[in-house]
Amino acid sequence: MNVRFDEKGLVPAIIQDAGTKEVLTLAYMNEESLAKTIETGETWFYSRSRQELWHKGATSGNTQKVVSINYDCDQDAILVLVYPKGPACHTGAVSCFSEGVLERKTNLEDYQILQTLEKVILEREQERPEGAYTTYLFEKGVDKILKKVGEEAAEVIIAAKNRDHEELRWEAADLLYHLQVLLVEQGLPFREVLRTLEERHKDRS
């Protein structure tokens, strides 16, 4: 890669979740750590304080599987898309960018599970752990997934007709799960669906 390292032989590396697109951390790489990242398929960085290489997750187990590495137009910064196995921050937070000086006040806590669910499904697609239901769906293919989406949609309709909130809650959760599996199988991030809803809202407001 034609990366331009600074006078100290370093380049800033932005680490971003390949599934959710959340920015996880900003670290630094030198030529050796970049080479090891490419070679191993997991992130390696250079610690400016310890002045040594470090493998992300070597002690915590929270490794980051590299999906792609790109550099910016000036070739002096790189963007690394990863599938993280656990939190990125040493504090235990998913992202190092958990504190803000300016933040729009939204009530998104209840919807965090949708992002978490998508991340788990993406991991299942990549790793295919034996015995997992999600693995079973991916191995059976799109026809099986579509069948389940149709079945769960029908169950939602029945629950609504029965005026049964408990049943509707369970069936709606099943439908959302299978819909997320379908979106992952199709390579369509859930955020794109949300973006479409947002665009429609803007058009009608």
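Please read all numbers here as calculations on a predicted model, not as lab measurements.

Thresholds applied
Residues numbered from 1 in each chain as written. Predicted model: local features only at pLDDT ≥ 70, side-chain atom pairs only at ≥ 80, totals over all residues. Heavy atoms only, no water. Helix = DSSP H or I, 4+ residues; strand = E, 2+ residues; numbered from the N terminus. Contact = heavy atoms within 4.5 Å. Axes fitted to C-alpha atoms, helices over the stretch in contact; angles between N-to-C directions. Parallel < 35°, antiparallel > 145°, perpendicular 65-115°, else oblique. Left-handed = near helix turned anticlockwise from the far one by under 90°. Nonpolar A, V, L, I, M, F, W, Y, C, P; charged D, E, K, R; others polar. Buried < 20%, exposed > 50% of the residue type's maximum accessible area, 1.4 Å probe, protein only. Arc of directions from axis to C-beta. Disulfide = S-S within 2.5 Å. Pairing = 2+ DSSP bridges. Phe/Tyr/Trp six-rings, centres within 6.5 Å; stacked < 30°, edge-to-face > 60°. Lys NZ or Arg CZ within 6 Å of the ring centre and 35° of its normal.

The next point concerns the overall build of the protein. Counting its regular elements, the protein contains six helices and six strands. When the helices and strands of the protein are placed in sequence order, the string is β-β-α-β-β-β-β-α-α-α-α-α. Its C-alpha atoms put the protein at 70 × 45 × 30 Å along the principal axes. The contacts of the protein with a sequence gap of at least 6 include a subset with a gap of at least 24, amounting to 49%.

This part takes up the packing of helix H2 (residues 112-127) against helix H5 (residues 165-186). Contact geometry for H2 and H5: axes closest at 10 Å, N-to-C directions at 50°. Judged on the interaxial angle alone, H5 and H2 are oblique. Here H2 runs over H5; the crossing is right-handed. Note on element contacts: H5 touches H2 through Tyr177, Gln180, Val181, Val184 and Glu185, opposite Leu114, Leu117, Glu118, Ile121, Leu122 and Glu125. Split by residue class, the contact of H2 with H5 holds seven nonpolar, one polar and three charged.

Two elements in contact, helix H4 (residues 142-161) and H5, have axes separated by 8 Å at closest approach and are oriented at 155°. Regarding the angle of H4 to H5, the classification is roughly antiparallel. Every pair of crossing elements has a handedness; the one defined by H4 and H5 is left-handed. Facing H4, whose interface residues are Val142, Ile145, Leu146, Lys148, Val149, Glu152, Ala153, Glu155, Val156, Ile158, Ala159 and Ala160, H5 presents Glu167, Leu168, Glu171, Ala172, Asp174, Leu175, His178, Leu179, Val181, Leu182, Glu185 and Gln186.

With that out of the way, let us pick up helix H3 (residues 133-140). In an α-helix, one full turn covers 3.6 residues, which means residues spaced three or four apart are oriented alike. When we look at burial in H3, the residues that qualify are Thr134, Thr135, Leu137 and Phe138. Each buried residue of H3 sits inside an arc of 160° when the element is viewed along its axis, so together they form one side. Residues of H3 that are exposed and angled more than 90 degrees away from the buried face: Glu139 and Lys140. Close packing links the buried residues of H3 with H2, H4 and H5. Following H3 by one or two positions, Gly141 adopts a phi angle in the positive range, close to 100°.

Moving on, we come to the state of the cysteines. Using the criterion set out here, one finds zero disulfides in the structure. No disulfide involves Cys89; its sulfur sits 3.8 Å from that of Cys96, the nearest cysteine. The buried category is assigned to Cys89, whose relative accessible area is 10%.

To continue, consider the pairing of strand E3 (residues 44-47). Taken together, the four bridges between E3 and strand E4 (residues 52-55) define a ladder with antiparallel strand orientation. Bridging across to E4, Tyr46 finds its partner in Leu53. In this structure, the hairpin formed by E3 and E4 is closed by a connection of four residues, where Gln51 is found at a positive phi of approximately 55°.

Attention shifts here to the packing of aromatic side chains. Under the defined criterion, the tally for this structure stands at three aromatic pairs. Judged by centre distance (6.0 Å) and plane angle (25°), the rings of Tyr133 and Tyr136 are stacked. Taken together, the residues Tyr133 and Tyr136, both in helix H3 and three residues apart, mark about one turn of the helix. An aromatic cluster is defined as three or more aromatic residues linked by ring pairs; in this entry it consists of Tyr133, Tyr136 and Tyr177. Here the basic side chain of Lys36 rests over the ring of Trp44, its NZ or CZ set 4.5 Å away from the ring centre.

For the rest of this paragraph, the subject is the sheet that holds strand E1 (residues 11-17). Backbone-to-backbone hydrogen bonds pair the strands of a sheet. The strands run either parallel or antiparallel. Taking strand neighbours across the sheet as the criterion, the four strands line up as E2-E1-E6-E5 in an open arrangement whose pairing is mixed. Each edge of the sheet is formed by a strand with only one pairing partner; in this case those strands are strand E2 (23-29) and strand E5 (64-71). Adjacent strand axes in the sheet meet at a mean angle of 25°, parallel and antiparallel pairs treated alike. Two strands pair when backbone bridges link them, and E1 and strand E6 (residues 78-84) are joined in this way by five bridges, in the parallel orientation. Looking at E6, one finds that Gln16 is bridged to Leu81.

Geometric descriptors of this kind do not, in isolation, establish any biological role.
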